[in-house]
Amino acid sequence: MPTDKGSRTAILLDCDTGVDDTMAIMLACLSPEIELVGVGTIWGNVDRDLATQNTLNILAMCGRSDVPVAAGATTPLNGADVDYGYFVHGKDGQGNRGMKGKYGKSIEMSAAEFIVDSCRKRPGEIELVPVGPLTNIALALQLEPTLPKLVRGITIMGGAALAPGNVSPVAEANIWHDAEAASEVFLAQWPITMVGLDVTMRTLLTEEHFDRMRNGGGISKYMAQIAEFYTTFNQERSFGRRLSTMHDAVAVGLAANLVRAKVAPVVNVEVDTTDGPGRGQTICDLRGIYMNFPSQENAHCRVPLELEDGFPDFFTDLIVAAGEPAVNVE
Ligand code: BDR
Ligand code: CA
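The model shown is predicted, which means the values in this text are computed figures rather than measured ones.

Enquirer: How would you sum up the overall build of the protein? Please name residues and give values.
Expert: Each helix and strand in the protein was counted, giving 13 helices and 14 strands. Computed over its C-alpha atoms, the radius of gyration of the protein comes to 18 Å, within 12% of the 20 Å expected for a compact globule of 330 residues. Projected onto its principal axes, the C-alpha positions of the protein cover 50 × 45 × 45 Å. Across the 330 residues that make up the protein, the buried fraction comes to 58%.

Enquirer: Lay out the environment of F229 in plain terms, naming residues and giving numbers.
Expert: By the secondary structure assignment, F229 is in helix α11 (residues 218-239). Judged by relative accessible area, which is 31%, F229 ranks as partly exposed. Put simply, F229 and V19 are 210 residues apart on the chain and 9.2 Å apart in space, counted from C-alpha to C-alpha. Every residue in contact with F229, bar those within four places of it in the chain, is listed here: Y86, F87, V88, H89, G90, G95 and N96.

Enquirer: If you had to explain the site of ligand 1 to someone new, which residues and values would you point to?
Expert: Near ligand 1 the following residues occur: D20, D21, N45, H89, V131, M157, N166, E172, A173, N174, H247 and D248. The separation between an oxygen atom of ligand 1 and a polar side-chain atom of N45 is 2.7 Å. Note that an oxygen atom of ligand 1 is positioned 2.9 Å from one of the backbone N or O atoms of V131. Counting only elements with at least two residues in the shell around ligand 1, the list comes to α1 (19-30), α7 (173-177) and α12 (247-255). Across the shell around ligand 1, the residue classes tally to three nonpolar, five polar and four charged.

Enquirer: An account of the packing of aromatic side chains is requested, with residue identities and associated values reported.
Expert: For the coordinates displayed, the defined rule picks out three aromatic pairs. Judged by centre distance (5.9 Å) and plane angle (75°), the rings of F87 and F233 are edge-to-face. In this pair, F87 is assigned in helix α3 (residues 86-89) and F233 in helix α11, connecting sequence segments 146 residues apart. A ring pair is formed by F311 and F314, whose centres lie 6.1 Å apart and whose planes are at 20°; its orientation type is stacked.

Enquirer: Report on the environment of E144, specifying residues and quantitative values.
Expert: As for its position among the elements, E144 is in the loop between α5 (135-143) and α6 (147-150). Along the primary structure E144 and R120 are separated by 24 residues, whereas in three dimensions their C-alpha atoms are 9.4 Å apart. Ignoring sequence-local partners within four residues, the contact set of E144 consists of V116, R120 and L150. A polar contact is formed between the side chain of E144 and the side chain of R120, at a distance of 3.0 Å.

Enquirer: How would you explain the sheet that holds strand β10 (residues 266-267) if you had to name every residue and give the values?
Expert: Overall, mixed pairing links the eight strands, which are arranged β3-β2-β1-β4-β5-β6-β13-β10 in an open sheet. Two strands lie at the open edges of the sheet, namely β3 (69-71) and β10, each paired on one side alone. Looking at chain direction, strand β4 (residues 126-130) and strand β5 (residues 153-157) are connected through two bridges and run parallel. Bridged to E127 within β5 is G153. Across the face of the sheet, helix α4 (residues 111-121) comes into contact with β1 (9-15), β2 (34-41), β3 and β4 while running at roughly 150° to β2.

Enquirer: I'd like a description of the nonpolar core, backed by residues and values.
Expert: In terms of nonpolar packing, the biggest core is built from 59 residues, with I11, L13, M26, L36, M61 and V252 touching the most fellow members. If sequence neighbours within four positions are ignored, M61 has contacts with M26, M99, I219, Y222, P325, A326, V327 and V329. One finds A161, A179, V269 and C284 within the second-largest nonpolar core, a separate group that totals 42 residues.

Enquirer: An account of the pairing of β4 is requested, with residue identities and associated values reported.
Expert: In terms of burial, β4 is largely enclosed, as five of its five residues are buried. Residue alternation in β4 divides its side chains into two sets, I126, L128 and P130 and E127 and V129, and both sets are buried. The pairing of β1 with β4 spans five bridges and is classified as parallel. Across the sheet, residue L12 finds its bridge partner in β4, namely L128.

Parameters and conventions
- Residues numbered from 1 in each chain as written.
- Chains lettered and ligands numbered in written order.
- Predicted model: local features only at pLDDT ≥ 70, side-chain atom pairs only at ≥ 80, totals over all residues.
- Heavy atoms only, no water.
- Helix = DSSP H or I, 4+ residues; strand = E, 2+ residues; numbered from the N terminus.
- Rg over C-alpha atoms; globule rule 2.2 N^0.38 Å.
- Buried < 20%, exposed > 50% of the residue type's maximum accessible area, 1.4 Å probe, protein only.
- Contact = heavy atoms within 4.5 Å.
- Near = heavy atom within 4 Å.
- Polar contact = N/O pair within 3.5 Å; in protein donor to acceptor, adjacent residues only side chain to side chain.
- Nonpolar A, V, L, I, M, F, W, Y, C, P; charged D, E, K, R; others polar.
- Phe/Tyr/Trp six-rings, centres within 6.5 Å; stacked < 30°, edge-to-face > 60°.
- Pairing = 2+ DSSP bridges.
- Axes fitted to C-alpha atoms, helices over the stretch in contact; angles between N-to-C directions.
- Core = buried A, V, L, I, M, F, W, Y, C linked by side-chain atoms within 4.5 Å.

Here's what the structure looks like:
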């Protein structure tokens, strides 16, 4: 297992820290294959300030208060009113069972400035992994139009290729929240991996996984505790039984090769920014599906459609082994 700094994947996360974002942050902190460069925060599941505090708290819990956190946008690019996902992630973004304490402090730079600054310092090395609305990434592109040449790539949790949406029949939440930003990000010429609902709705934690976490160390107990509310939402809205998605952790897993895609064509993707029923849809050109996806001119977006099994087990093993939190999580 590669653990030296040179062979680790350098990841800069951008989160709207709710329950599955917490899974992503924990995975990035605990996995020896990942160097967590920093975390930008964004509104989405919760407001931006709560996303920032939740991020700082999770990092503190994992003993990683050294990781810089930069607060980002509070509205989409077009300044429209925002709808938060408290009904999915709880009023505290932690299933109403989060930590009472407040740990750490964000840095002075905005998330967009931090993204640009970090990528300028380490050209070609950093994988951006936004797992919330794409506003901070679009703002970073506006600040530094050559950003696509400064990153290793960008792995986005968002969108749906063949799967249905989760906010509208066709739109996934992160894209829906700021379709204009998403459109700019997908148009930019960088290698994108779009980790959409096609794979994240099929990569699930079961009650057996959560039982193991409840019986594990304090960090995994905390994870199981905050996931109860979220699992109830998943049960009522999607699965009819107690299964939990782990959307954002899947994106981190793919970015760091902790899970691999079995089918992942590179295709053209366009985001619908109209005001009609298609708003927020990621329109993926999958017409090559019957011919093993022949290459498409200018295509730069890899769209995983099927993953290898085992990622929920891998995640559970890692988190159960994580031991006690570095701060009081009561
Ligand atoms: C995405 O939306 C948010 O609720 C989750 O954190 C995830 O990033 C799933 O559609
Ligand atoms: Ca998220």
